[in-house]
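Observations on the three-dimensional arrangement
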Amino acid sequence: MNVKLEASWKAALAQEFTKPYFTDLTNFVRDAYQTTTVYPPPSLIFHALDSCPLTNTTVVILGQDPYHGPGQAHGLSFSVPDAVSHPPSLINVFKELETDIGKGYPKNGSLTSWASQGVLLLNATLTVVASQAGSHQKKGWEQFTDAVIDVISTQCDHVVFMLWGNYAKQKGKRIDRNRHLILTSGHPSPLSANRGLWFGNRHFSQANTYLISKGKSPIDW
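Nothing here was measured: the structure is a model prediction, and the numbers come from that model. (Residues numbered from 1 in each chain as written. Predicted model: local features only at pLDDT ≥ 70, side-chain atom pairs only at ≥ 80, totals over all residues. Heavy atoms only, no water.)

Further remarks concern the overall build of the protein. A tally of helices and strands in the protein yields 9 helices and 6 strands. A globule of 221 residues ought to have a C-alpha radius of gyration of about 17 Å, and the protein, at 17 Å, matches this closely. Its C-alpha atoms give the protein principal-axis dimensions of roughly 45 × 35 × 30 Å. Scored against the burial criterion, the 221 residues of the protein give a buried share of 54%. (Helix = DSSP H or I, 4+ residues; strand = E, 2+ residues; numbered from the N terminus. Rg over C-alpha atoms; globule rule 2.2 N^0.38 Å. Buried < 20%, exposed > 50% of the residue type's maximum accessible area, 1.4 Å probe, protein only.)

And the structure:
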């Protein structure tokens, strides 16, 4: 199956594209786009991988599935396009950044600048039906993104994994903890954040401290 994807990821994931589950997933997703409203736009399904080559990846921020409101999802977890109102989870991400490293609250909700620095903004499920959170879970995307995590864990060194919420934490068992840094906390959604499970995790400063200690460039958050 010919999947249009950034070269380093396409090579690393080549075997996945030949597996029966991926054929079934492709057929399911293609049909979904033809019969209902699905986010993100088809050209942006693999935007996270295209924006952050495997060879550049130093941080992974794992989300659950894309935003399901009009104009919000553009293939990067927690990010929204320029000029789109910030969803509650993203607001809390920016608030934590503000208290953690003193960064002023940004007007722009796009995290493309993070991706260009080596932050893989990956959702566990890469598509979703409009207004139906979790609607494309258990269709094969989780197996594909497990493979993405496996590739990073085995082929990269000293990557920071930020696992926010129980859904993301489940991926943690796939990561070599002797080789990488795993940071976990509650999800930045208001439900979790208001219960004291998000604010104060200081993941952004911890990530940069770790990257510097391994001779890597810190992220300009």
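Picking up after the structure, the text goes on.
In this structure, Phe144 and Trp221 are the most contacted members of the largest nonpolar core, which totals 65 residues. Broken down by element, this core gets its largest block of residues, 7 residues, from helix H6 (residues 141-155). With sequence-adjacent residues up to four places away left out, tryptophan 221 is seen in contact with Val59, Ile61, Leu97, Ile101, Lys103, Trp114, Val119, Met162, Phe204, Ala207 and Asn208. (Core = buried A, V, L, I, M, F, W, Y, C linked by side-chain atoms within 4.5 Å. Contact = heavy atoms within 4.5 Å.)

Glancing now at helix H2 (residues 20-35). Relative to the 22 Å expected for 16 residues at 1.5 Å per residue, H2 spans 23 Å between its end C-alpha atoms, a close match to the ideal helical length. Among the residues of H2, those classed as buried are Tyr21, Phe22, Leu25, Thr26, Val29 and Ala32. Projected down its long axis, H2 carries its buried residues within an arc of 135°, all on one side. Residues of H2 that are exposed and point more than 90 degrees away from the buried face comprise Pro20, Asp24, Gln34 and Thr35. Buried-residue contacts for H2 involve strand S1 (38-39) and H6. (Expected span 1.5 Å × (residues − 1). Arc of directions from axis to C-beta.)

The buried fraction of strand S5 (residues 160-164) amounts to 5 of the 5 residues, a majority that puts the element mostly inside the structure. As defined by bridge partners, strand S2 (residues 59-63) adjoins S5 across 4 bridges and the pair is classed as parallel. Note that in S5 the partner of leucine 62 across the bridge is leucine 163. Examined bridge by bridge, S5 and strand S6 (residues 181-185) share 5 bridges and lie parallel to one another. Residue phenylalanine 161 lies in a different strand from S6, and its bridge partner there is isoleucine 182. (Pairing = 2+ DSSP bridges.)

Moving on, we get to the side chain of threonine 57. With respect to the helices, strands and loops of the structure, threonine 57 is situated in the loop between helix H3 (47-51) and S2. A distance of 3.0 Å separates a polar atom in the side chain of threonine 57 from the backbone oxygen of proline 53. Apart from residues lying up to four places away in sequence, threonine 57 is in contact with Trp9, Cys52, Gly118, Leu120, Ile152 and Val159. (Polar contact = N/O pair within 3.5 Å; in protein donor to acceptor, adjacent residues only side chain to side chain.)

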